[in-house]
Amino acid sequence: MDILETDAYDKRQRRNMSCALLFSLLPFFLSSALYFYLWTPDLVPSVVSAGVKSAPTLLLAVVVLSWNGGQSVLGVAGGLIFSAVGDCCLVWPELFIHGMGAFAVAHLLYSVTFLSSRYATYSASSLNRFLYLILLIVGGAFYIYLFPFLQKAPNSDLLTPGVGIYFILITIMAALAIRTRHAATLLGSLSFMVSDASLALQVFKVLPPIEHGQIYVMVTYYLAQLLITVGDIKAVENKDDFSKWKRS
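Thresholds applied
- Residues numbered from 1 in each chain as written.
- Predicted model: local features only at pLDDT ≥ 70, side-chain atom pairs only at ≥ 80, totals over all residues.
- Heavy atoms only, no water.
- Helix = DSSP H or I, 4+ residues; strand = E, 2+ residues; numbered from the N terminus.
- Buried < 20%, exposed > 50% of the residue type's maximum accessible area, 1.4 Å probe, protein only.
- Contact = heavy atoms within 4.5 Å.
- Areas by Shrake-Rupley, 256 points an atom, 1.4 Å probe, with all protein chains shown as cover.
- Phe/Tyr/Trp six-rings, centres within 6.5 Å; stacked < 30°, edge-to-face > 60°.
- pLDDT = per-residue confidence, 0-100.

Chemist: Before we move on, could you go through the overall build of the protein chain and cite the residues and values that matter?
Modeler: If you tally the helices and strands in the protein chain, you get nine helices and zero strands. Each helix and strand of the protein chain, placed in order from N terminus to C terminus, yields the pattern α-α-α-α-α-α-α-α-α. Looking at the protein chain residue by residue over its 248 residues, the buried ones come to 44%. Considering only residue pairs separated by 6 or more positions, the protein chain has 76% of its internal contacts joining residues 24 or more positions apart. Of the roughly 13500 Å² of accessible surface on the protein chain, 72% is carried by carbon and sulfur atoms.

Chemist: Tell me what's going on with the packing of aromatic side chains, and back it up with residues and numbers.
Modeler: By the definition in use, this model includes 14 aromatic pairs. Measuring from ring centre to ring centre gives 5.2 Å for Tyr35 and Phe36, while their planes differ by 75°; the resulting arrangement is edge-to-face. Taking relative accessible area as the criterion, Tyr35 reaches 7% and is therefore assigned buried. Taking the centre distance of 6.2 Å and the plane angle of 55° together, the rings of Tyr145 and Phe149 count as tilted. Here Tyr145 and its partner Phe149 are both found in helix α6 (residues 126–152), four residues apart, which amounts to about one turn of the helix. What makes Phe149 partly exposed here is its relative accessible area of 22%. Every member of this aromatic cluster is reached through a ring pair, and the members are Phe28, Phe29, Tyr35, Phe36, Phe103, Phe192, Tyr221 and Tyr222.

Chemist: Kindly report on the confidence of the model for the protein chain, identifying the contributing residues and their values.
Modeler: Low-confidence regions, as indicated by low pLDDT, have predicted coordinates that should not be scrutinised in detail. For the protein chain, mean pLDDT is 87; residues scoring 70 or higher make up 87% of the total. Note that residues 241–248 has pLDDT below 50 and, in this model, one contact with residues that lie over four places away or in other chains.

Chemist: So what's going on with the environment of Leu21? Residues and values would help.
Modeler: By the element assignment, Leu21 lies in helix α1 (residues 3–24). Residues Leu21 and Val230 lie 209 residues apart in sequence; the distance between their C-alpha atoms is 8.4 Å. Among all residues touching Leu21, those that are not within four sequence positions of it are Val63, Trp67, Val230, Ile233 and Lys234.

Laid out in structure tokens, this is it:
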């Protein structure tokens, strides 16, 4: 095949893969729609509600495993599984600390993945350093703002340092997402930070009760997990394309 035929073939392959990926994500979209359809502000915590809430994240883990294989258990797929555990824990307010711990592990797994060879490595640019600084300032400022409210919360002796460690981990995860230069990965990490910030403002009563506040949290959360999932699958796809180009 000449260059034009090869290029046309590659375009068809990418288009077919995009369609296949969209089809594999349909269960996630349907389960997310089911969650919002069944959601009520006074929903009683139960195993059923925990299952409905965590189902979209677990289905994304299945998608990653089906596309990237078992090695992703120690990467994004594992992060999604721990996120689903966190989803279940947060259904019961008394398990908030356990849920935060599960999400902290998820951020660690995401961070390890963003450092892996499947994501191309780039030398740090001045723009990247500037964005790292912005993330650090925003994360630090938000924790300082939150600190007095953490002191008033039950179990403040555990929550105050725990939330601080959690914010460090999610900030590192977002910084490493910048390093990947994958738009979906970066937007997913930032959406995760927005979701967690919204949750913190409500849980620790920084703001008066917000109508449909939990919906804002979950929309940005599901969007974050979706984008991180797509970014990871695309990273492997791009790496494979690059390998083929080097061999040709």
